[in-house]
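Structure at a glance
This is what each chain is made of:
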Amino acid sequence: AIARVTSHKFDRTVNGNAAKDYIDGQISSSSWKSNALNLLELLFTRLEPSFQTYMNDKSNWAKKFAAVITSKPWLSINVAADIAKADPSDPLVRKVNFALLKIHLLDDSYVQSVTKAFQEHAPGFVPYWNNYDYIRYGFAPDDIIGDVQNAINVEHSEFPPYGGSAWMVYHGTAVRNFVNSCCPGMNLATGKQPDNEQVKTIFSCFTKGTQITLASGMQLPIEQVTAGTKILAHGGDISTVTEEDVQNHAPDGHYTFGINEDEPFFAPSHPFWTTDGWKCLFPAPATEENPHINFKQLQIGDIVFRIVPNTDTLVYKPVRIRKISMKRVDCPFTFHGLHLDGARSYHANGYVVAANYPVLTEKRIKESFQKLSEEEQLKVSDGLRSMVPELNKLFGGWLEQSLTKLGITSDIKQESQLV
């Protein structure tokens, strides 16, 4: 089944032909019955997430499963009155006996009562589960390919340690572990790993609807704040929103974060003002944009500051972080920020946050570069390309990325690139 699922290239991790030969070999062996039971038990205890419950509490799951397959609706659909006369290869016969085998593997003490219920509903029914060719009739790839597909699609995020600027996203970790731990012993693994790793850039800024405190004390959703708006900065200073439209467009698989009971609203690299200076969950991206500021890691136990509402003067309430919540956001998703003239801070949902966006912006670079003649543009481009390492030290890696994006430091300069 794994060999037939191409999602994230898991099919290249196993040898499909060898798997088929292995199953055929088990069927033709004299010990096929014990081989079948061993394979099925391995399936029930290893494959996730469909059979996760098997690993947690077999007896309790057996009790629930037994209640389902002895209910009148299940019996009416699956245990036909003439089932005793049906061929063992009949799909319903296989299904009923497969259910009995599951009960046996979970908790054998329920087999007798379940069998009795089947026989009362269909007199003459004789169970085959203890001498049945379950490999041939109950272990076909089609029977579990949906479960394998679901298990491969399970996403696992691995966040970086302090100082990291990106996180890794993996898919099908349970299937990969299964292949790596079980298949080598049966010579079924190819040794190749699936193509299931994705690097996710860590963003700053805020979700749509985050309330920004204006100079007047009123609040406005961040996506509605326009150029020229006066913003209340930390300590009562006033800043003005520039024409720079700050938006970070995140692909799928990104997360927003929240403090204590707040609904997640901020991206992981946006700085908050604390008793120990500016801090964010992942300082590296913030430092890239503003290398002159010493950002530290925000963590549980830190104290941030939030405006006390409905007061005549600006009053802050210290808020100790007891927990940090996380929520996955779907694509397409846009984080919003503010670019300011004046004090480089503002209030998001009442919290004191930094204007974590460089003063030297892509918009300003683009407008200034377009004012140069073609000869001057080429001269500046050649000079900047030779100074990239020094520029990274001065301004962080964001500047190199912006210059490349605008076509200023690429090998071929075209006016269309800057329009």
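The next point concerns the environment of G235. Within the secondary structure layout, G235 lies in the loop between β6 (230–232) and β7 (238–241). For the pair G235 and Y346, spaced 111 residues apart in the sequence, the C-alpha separation amounts to 9.6 Å. Ignoring anything within four residues of it in the chain, the contact list for G235 reads L314 and Y316.

In this structure, A80 sits in the loop between α5 (72–78) and α6 (91–106). For the pair A80 and V93, spaced 13 residues apart in sequence, the C-alpha separation works out to 9.3 Å.

The next thing to look at is the sheet that holds β6. The antiparallel open sheet is built from 3 strands, whose spatial order is β6-β7-β17. Each of the sheet's edge strands pairs with one partner strand only, and the pair in question is β6 and β17 (340–342). Recorded for the sheet is a direction-independent mean angle of 40° between the axes of neighbouring strands. Of the pairings in the sheet, the one linking β6 to β7 comprises 3 bridges and is antiparallel in character. Note on β7: the bridge partner recorded for K230 is T240.

Quick look at the packing of α6 against helix α7 (residues 111–121) now. In contact at an axis separation of 9 Å, α6 and α7 are set at 160° when each is read in the N-to-C sense. As far as their axial angle goes, α7 and α6 are roughly antiparallel. Where α6 crosses over α7, the handedness of that crossing is right-handed. When α6 is examined against α7, the residues V96, L100, I103 and H104 are found in contact with a partner set consisting of V111, V114, T115 and F118. When the residues that make up the contact of α6 with α7 are grouped by side-chain class, the tally is 6 nonpolar, 2 polar and no charged.

Along the chain, the position of T256 falls in strand β9 (residues 254–259). For T256, a relative accessible area of 2% puts it in the buried group. Sequence-distant contacts of T256, defined by excluding residues within four places in its chain, comprise T207, P264, F265, F266, S325, M326, K327, V329, F333 and F335.

On average, the chain scores 78 in pLDDT, and the residues at 70 or more come to 74%. Every residue in residues 134–138 scores below 50 in pLDDT, and together they form 23 contacts with partners more than four places removed in sequence or on other chains. Counting interchain partners and residues more than four positions distant, the pLDDT-below-50 stretch residues 411–419 has 20 contacts.

Conventions we followed
- Residue numbers run consecutively from 1 along every chain, following the written order of its sequence.
- Local features are withheld for residues below a pLDDT of 70 in this predicted model, meaning they are given only at 70 or higher, and side-chain atom pairs are given and counted only at 80 or more; totals for whole chains, interfaces and linings count all residues.
- Excluding hydrogens and water, the side-chain values take into account all heavy atoms of the structure.
- Here a strand is any run of E in DSSP of at least two residues, a helix any run of H or I of at least four, and the numbering for each starts at the N terminus.
- Residues count as neighbours in contact if any of their non-hydrogen atoms are within 4.5 Å of one another.
- Paired strands, in this sense, are two strands between which DSSP finds at least two bridges.
- A fitted line through C-alpha atoms serves as each axis, taken over the contacting stretch for helices, and the angle formed by two N-to-C directions is quoted from 0 to 180°.
- Note on terminology: angles under 35 degrees are roughly parallel, angles over 145 are roughly antiparallel, angles of 65 to 115 are roughly perpendicular, and the others are oblique.
- Handedness of each helix crossing follows the sense of rotation of the near helix against the far helix: counterclockwise by less than a right angle gives left-handed, clockwise gives right-handed.
- Under the grouping applied here, Gly and all other residues not named as nonpolar or charged are polar, the nonpolar ones being Ala, Val, Leu, Ile, Met, Phe, Trp, Tyr, Cys and Pro and the charged ones Asp, Glu, Lys and Arg.
- Partly exposed residues are those whose accessible area sits between 20% and 50% of the maximum for their type, while under 20% is buried and over 50% is exposed, using a 1.4 Å probe and protein chains only.
- Scored from 0 to 100, pLDDT records how confident the predictor is in each individual residue.

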